[in-house]
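# Inside the fold
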Amino acid sequence: MKDDVRTYIYGAIGVFLIGVLAWVGLVYVNACGFTLSCNRGTIPVARTPIPTLIPATLPAMLPEDGMAAADADACYVAAADLMGAWVDAGASDTEVFQFTDATGRECESTFEEVKPLFVEANLWYSGSLSCVSCHSVNLTVSPAQLDVSSYEGILAGSRRAEGAATGTDILGGGNWNSSLLKEFIFEAKADVPGHTEDLSDLMIFAGTPLPVEATPTP
Ligand code: HEC
C-alpha cells in the first residue's frame, strides 16, 4: 500500500520532468533548429550608430574644366534641360533621346533618368520636396489633379475630372517651350506652394556621351 503510493508519486514526478524537458527541447528547436551553436540568447552589444548616408546637401560637383568633363562617363546638364529634351523628343517611356550637354557634347538618355526628377526628394535644392509628394496618385488630394508618380500619370496630364483618363496636357503637345511643365519648373510662383522657386538651374550628371567621330586627318 505504502509502496503503491510511492510508485505513483515517483511516476508522476517522472512524467512531469519528461514533459518539461520535451517542452524546453521543442522551444529550443523551434527557435534555433537542430544545432548546438545557437547564440540567439546572447545579449546584443549596443554600439553607437555610424551614419552611412551621404549628406544630401552637398552642392552638385562642377567639372574642373572642359577636359575633366570630357573624361567623365556621364554628361553634365541642367535637370530642366534634360526634361525639356525628353519632352521635345516625344516623351517616350523606353526610347532613347538625344541632347547637347552643358559642355557641348552630344549625349543620349532615356526616361529612366528623367523619372527621378519627378519622384526624388532633396533633388532640386537642399530640402526640396519631391514633385510626387504633392502630385500623387491620389487625385482627390493631388494639387491640379496631377499624378507624376508614373509615366502614365505624367502623360495623363493635370486637371483630370473624376474618372477621366486624361486632362490638360502638361507636356505642351510635345513642345517643351509651350508646356505647363516648363512653366512650373522655370517660373517662381510666390503664391503656389511647392512652386515658389525657379528650378531651372540645377545641374546634374546624366546620360552618356555619344562616341565622337574621329576627324579625318587631311
Ligand atoms: C508642395 C506641393 C507641391 C510640390 C512639391 C510640387 N507641386 Fe506642382 N503644383 C502644386 C500646386 C498647389 C499647384 C497649383 C494647383 C492649382 O493651381 O490648382 C501645382 C501645379 C503644377 C502644375 C500645373 C498644372 C496645371 O494644370 O495647372 C504642374 C505642371 C506641376 N505643378 C508640376 C510639378 C512638378 C514637375 C513638381 C516637381 C518639380 C511639382 N509640381 C512639385 C503643388 C506642388
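Residues numbered from 1 in each chain as written. Predicted model: local features only at pLDDT ≥ 70, side-chain atom pairs only at ≥ 80, totals over all residues. Heavy atoms only, no water.

### Examining the coordination of the iron atom of the ligand
- Ligation of the iron atom of the ligand by protein atoms is provided by H135 (NE2) and H195 (NE2), these donors lying 1.9 Å from the ion.
- The coordination sphere of the iron atom of the ligand comprises six donor atoms, whose angles at the metal cover 88 to 179°; the geometry is octahedral. Note that H135 is positioned in the loop between α5 (131–134) and α6 (151–156) and H195 in the loop between α7 (180–186) and β4 (203–206), a separation of 60 residues in sequence. (Donors = N, O, S within 2.8 Å, 3.2 Å for Na, K, Ca; no water. Tetrahedral: all angles 85-135°; square planar, octahedral: opposite > 155°, others 65-115°. Helix = DSSP H or I, 4+ residues; strand = E, 2+ residues; numbered from the N terminus.)

### A look at the side chain of D101
- Among the structural elements, D101 can be located in the loop between β2 (97–100) and β3 (106–109).
- At a separation of 3.0 Å, a polar atom in the side chain of D101 contacts the main-chain amide nitrogen of Y76.
- With residues up to four places along the chain from it excluded, the contact list for D101 reads C75, Y76, V77 and C107. (Polar contact = N/O pair within 3.5 Å; in protein donor to acceptor, adjacent residues only side chain to side chain. Contact = heavy atoms within 4.5 Å.)

### Some words on the side chain of S109
- Examined against the element boundaries, S109 turns out to sit in strand β3.
- Using a relative accessible area of 4% as the deciding quantity, one classes S109 as buried.
- Within the local environment of S109, its side chain forms a polar contact with the side chain of E113, the two groups lying 2.5 Å apart.
- Among all residues touching S109, those that are not within four sequence positions of it are L82, E95, V96, F97, F99 and G207. (Buried < 20%, exposed > 50% of the residue type's maximum accessible area, 1.4 Å probe, protein only.)

From the geometry alone we can't say anything about function, so treat these as descriptive.
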